[in-house]
Amino acid sequence: MTALRADTPGCESVVHFNNAGCGLVARPVLQAMTDHLQLEAEIGGYEASAAQEVRVRDFHASIAELLGTRPGNIAFAGSATHAYTKALSAIDFQPGDTVLTTRNDFVSNQIAFLALRKRHGVEIVHAPDHPDGSGVDVDAMAALMRAHRPRLVAATHVPTNSGLVQPVAEIGRHCRELGLLYLVDACQSVGQYPLDVEEIGCDLLTGTCRKFLRGPRGSGFLYVSDRVLREGYEPLFIDMYGARWTGPDTYRPVDTAARFEEWEFPYATLLGCAAAVRYALAVGLEPISRRTPALAARLRGRLAEIDGVRVLDGGPAPAALVTFAIDGWQPQPFKAALDELSINSALSLREFAQFDFGDKDVDWCLRLSPHYYNTEDEVGTVAAAVAELAARGQRIH
Ligand SMILES: Cc1ncc(COP(=O)(O)O)c(C=O)c1O
């Protein structure tokens, strides 16, 4: 495997696995953001965004290129969660409406559905997993679509709690056939795999720039299909950017996905995101999608050989989120031990994955997320460190 060693500021001493999937900011991102802040300091915020108008517009153009759509179908958001809740707020849920989802949907999405149940009386249906461990059972999910005619079908492409890759395009084909509204959370897959919203067949898709895209924190985006725009979906709270105040009693949403944005933008962040996307496109999503999960597979293989370690990721071709349980350790001390060795990692707790961790009978796991800029040697270093910690167990101080 050849390393795709990227422009990564200062990565000598730390094994910079994506911490919680949060990738190292790429050098052009850092440059774009600091340049813009410099400009804001020199000429003023409004003037700086005007001066950078072409680059600012590239946020929408670059994400559109990444997802196989047009700039007018993309909205900036402050996080993937922000994009997701804005999308949900556009659906006029009525008591008795169904949200059909999976047992591996992101924790915050599940909490949002429960909040909709509390406030609007929606019913939440979880499609069962396939018995072979490959993720959701798409045939069973399609049967539930026909039985419930859900107001919304929602799936997370790669959940935060494991490397499972859900068959989002297969789900999308059924949604298209049945004319159902389909929302995909691509937070952990964008930047790791080539994505095409037409191929996935979704109406709405959310993502972040800070994980596998290696952009800044506090950023996300929402894809909104032409169908959703045409049918007049709009976020519950729409501002003077998303709509025109056409008379004392009237307003008209704008025609594009800008309907889901607000007047105020963090311009340095927006420019950083555009730089991150351009950078990922230049490195190439195909090579990234070959190398990143392959590094993860190598790590999984090494961890699986360690006594007292149980690798937890299911599915035929898991993504670069490597999760495992380890005997003899409590979660925080284990993560702290890795921190001490300068190995970036993240904990996943039962409360992040009530279904998945119940099925796997674990209360927590550790997640390691290698990225294309990591090396085989680093994978070896991390595996050796875990083996050492597994052998020694947690010392009570
Ligand atoms: C699958 C998935 N969806 C959504 C999110 C939320 O992203 P953000 O923190 O940018 O809102 C995460 C974060 O870890 C995630 O893993």
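Residues numbered from 1 in each chain as written. Predicted model: local features only at pLDDT ≥ 70, side-chain atom pairs only at ≥ 80, totals over all residues. Heavy atoms only, no water.

Points about the domain arrangement of the chain
Here comes step 1: According to the domain assignment, the chain consists of domain 1 (27-282) and domain 2 (285-396).
Here comes step 2: Summarising the inter-unit geometry, the C-alpha centres of domain 1 and domain 2 are found 28 Å apart.
Here comes step 3: Taken together, the contacts link 27 residues of domain 1 with 32 residues of domain 2.
Here comes step 4: Around 2,200 Å² of area is buried between domain 1 and domain 2 when both sides are counted, 58% of it from carbon and sulfur atoms.
Here comes step 5: On the domain 1 side of the contact with domain 2, Arg103, Asn161 and Phe212 bury the most area, a combined 25% of that side's loss.
Here comes step 6: Between the two partners, domain 1 and domain 2, sit 1 salt bridge.
Here comes step 7: In this structure, the salt-bridge partner of Arg103 is Asp359, at a minimum N-O distance of 3.0 Å.
Here comes step 8: The tally of links between domain 1 and domain 2 comes to 10 residue pairs in polar contact (both at pLDDT 80 or more).
Here comes step 9: Breaking the side of domain 1 that touches domain 2 down by element, the ones donating at least two residues are α5 (107-120) and α10 (267-283).
Here comes step 10: With 3 residues, the top contributor of residues to the side of domain 1 that touches domain 2 is α10.
Here comes step 11: Within the side of domain 1 that touches domain 2, the residues separate by chemical class into 12 nonpolar, 12 polar and 3 charged. (Domains from an automatic or database assignment. Contact = heavy atoms within 4.5 Å. Buried area = accessible area lost by both parts, 1.4 Å probe. Salt bridge = Lys/Arg side-chain N within 4 Å of Asp/Glu carboxyl O. Polar contact = N/O pair within 3.5 Å; in protein donor to acceptor, adjacent residues only side chain to side chain. Helix = DSSP H or I, 4+ residues; strand = E, 2+ residues; numbered from the N terminus. Nonpolar A, V, L, I, M, F, W, Y, C, P; charged D, E, K, R; others polar.)

Quick look at the pattern of salt bridges
When their charged atoms lie close together, side chains carrying opposite charge are able to pair.
Here comes step 1: According to the stated counting rule, one finds 14 salt bridges in the structure shown.
Here comes step 2: A salt bridge links Asp226 to Arg70; the shortest N-O distance between them is 2.5 Å. Note that Asp226 is positioned in helix α9 (residues 226-230) and Arg70 in the loop between α3 (53-67) and β1 (74-77), a separation of 156 residues in sequence.
Here comes step 3: We classify Asp226 as partly exposed; its relative accessible area is 32%.
Here comes step 4: A single salt-bridge network, built from bridges that share partners, covers Asp58, Glu65 and Arg278. (Buried < 20%, exposed > 50% of the residue type's maximum accessible area, 1.4 Å probe, protein only.)

Remarks on the site of the ligand
Here comes step 1: Residues in close proximity to the ligand total 13 residues, the closest being Thr81, Asp185, Gln188, Arg210 and Lys211.
Here comes step 2: A distance of 3.2 Å separates an oxygen atom of the ligand from a polar atom in the backbone of Ala80.
Here comes step 3: Interatomic distance of 3.0 Å between a side-chain N/O atom of Thr160 and an oxygen atom of the ligand.
Here comes step 4: Expressed as a share of its isolated accessible area of 390 Å², the protein-covered part of the ligand is 88%.
Here comes step 5: Its residues assigned to classes, the shell around the ligand shows 4 nonpolar, 6 polar and 3 charged. (Near = heavy atom within 4 Å. Areas by Shrake-Rupley, 256 points an atom, 1.4 Å probe, with all protein chains shown as cover.)

Here we look at the sheet that holds strand β10 (residues 309-311)
Here comes step 1: The strand order across the open sheet built from 4 strands is β10-β11-β13-β12, with neighbouring strands paired in antiparallel fashion. With one partner strand each, in any of the chains shown, β10 and β12 (346-349) form the two edges of the open sheet. On average, adjacent strands in this sheet sit at an angle of 35° to one another, irrespective of strand direction.
Here comes step 2: Sheet topology places β10 next to strand β11 (residues 322-326); 3 bridges connect them, and they run antiparallel. Counted as the bridge partner of Arg310 is Ala325 from β11.
Here comes step 3: Contacting β10, β11 and β13 (364-368), helix α11 (residues 285-304) crosses the sheet at an angle of about 15° to β11.
Here comes step 4: Those strands touched by helix α14 (residues 376-392) are β10, β11 and β13, and its axis lies near 15° from that of β11. (Pairing = 2+ DSSP bridges. Axes fitted to C-alpha atoms, helices over the stretch in contact; angles between N-to-C directions.)

Quick notes on the nonpolar core
One recurring pattern in soluble globular proteins: nonpolar side chains tend to sit buried together.
Here comes step 1: With 86 residues, the main nonpolar core has Phe59, Leu67, Ile171, Tyr182, Leu205, Phe334 and Val386 as its most contacted residues.
Here comes step 2: No other element matches α10, which puts 10 residues into this core.
Here comes step 3: Both domains that furnish three or more residues to this core are identified here as domain 1 (27-282) and domain 2 (285-396).
Here comes step 4: Not counting chain neighbours up to four residues away, the residues in contact with Phe334 comprise Phe324, Ile326, Trp329, Trp364, Leu366, Val386 and Leu389. (Core = buried A, V, L, I, M, F, W, Y, C linked by side-chain atoms within 4.5 Å.)

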